[in-house]
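Examination of the molecular architecture
Here's the letter readout for the chains.
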Amino acid sequence: MDIHELYERYHRRVFFSAYKVVKNKSLAEDVVQETYLKAYRKLDELTDEKKAGAWLSTIAGRKAVDLLRKEGKAVVVSLEQTPLPASLCQQASLVEEMCELHLLEEEIETSIRSLSPKIREVFRLSFQYSMKEKEVADFLNLSLSAVKSRLHRGRKQLKQTFIQKKTVENPA
């Protein structure tokens, strides 16, 4: 791979690597120029072409820091202030949602286990196995009114459990 191909393929990436550090367009352009000069001199050291972008970005980052040191304009930005790329934010958000959903499922399962065995059995058949009240009644050899009553009591107990947990977690 020659220097022209490296420039065509990675010049934007190198520019943004430099710009993240120097926060100035003209300084970032200077860093890009210095980066490609160094890359040209050290091109024989690049052994894996797949790593060329990372190699150039590393050079750009170091050159940018060197430039700031020379000018005495070190810009320190905390990670909290640095915006994440939208795609990374979306992935993080999706992971957070999945974790929250998993925690909620565990919490619900724990709460269901706290129900009495009779209510728990009716509750599982109805909600986890999507059986209709009549099917649950036939399956357990119970009256329809007994199934409805147990479901009502189960919902009421679970609601109380979640209200109590919410009160403990978020006292007024």
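What you see is a predicted model; the values in this text were computed from it and never measured.

Let us now look at the packing of aromatic side chains. If you walk through the whole model with that rule in mind, you get three aromatic pairs. Ring geometry for Y7 against Y36: centres 5.2 Å apart, planes inclined by 70 degrees, an arrangement best described as edge-to-face. You can see Y7 sitting in helix α1 (residues 3-22) and its partner Y36 sitting in helix α2 (residues 25-41), a full 29 residues away along the chain. Judged by its relative accessible area of 9%, Y36 is buried. Here F15 and Y19 contribute two aromatic rings whose centre-to-centre distance is 5.9 Å and whose plane-to-plane angle is 20 degrees, an arrangement assigned as stacked.

Let's shift gears to the side chain of R150. Structurally, the position occupied by R150 is in helix α7 (residues 144-169). Not counting the four nearest positions on each side in its chain, R150 is found in contact with K118, I119, V122 and L142.

Below, the discussion takes up a nonpolar patch on the surface. A cluster of nonpolar side chains, contributed by L101, L104 and I108, occupies part of the molecular surface with about 240 Å² of accessible area. Tracing the backbone shows I108 in helix α4 (residues 86-113).

A separate point is the environment of A137. Along the chain, A137 falls in helix α6 (residues 133-140). Taking the C-alpha atoms as reference points, A137 and V147, ten residues apart in sequence, are found 6.0 Å from one another. Other than its neighbours up to four places away in sequence, A137 contacts L142, S143, L144 and V147.

Rules behind the numbers
Residues numbered from 1 in each chain as written. Predicted model: local features only at pLDDT ≥ 70, side-chain atom pairs only at ≥ 80, totals over all residues. Heavy atoms only, no water. Phe/Tyr/Trp six-rings, centres within 6.5 Å; stacked < 30°, edge-to-face > 60°. Helix = DSSP H or I, 4+ residues; strand = E, 2+ residues; numbered from the N terminus. Buried < 20%, exposed > 50% of the residue type's maximum accessible area, 1.4 Å probe, protein only. Contact = heavy atoms within 4.5 Å. Patch = residues over 30% accessible without salt bridge, like charges linked within 9 Å, V, L, I, M, F, W, Y side chains within 5 Å. Areas by Shrake-Rupley, 256 points an atom, 1.4 Å probe, with all protein chains shown as cover. Salt bridge = Lys/Arg side-chain N within 4 Å of Asp/Glu carboxyl O.

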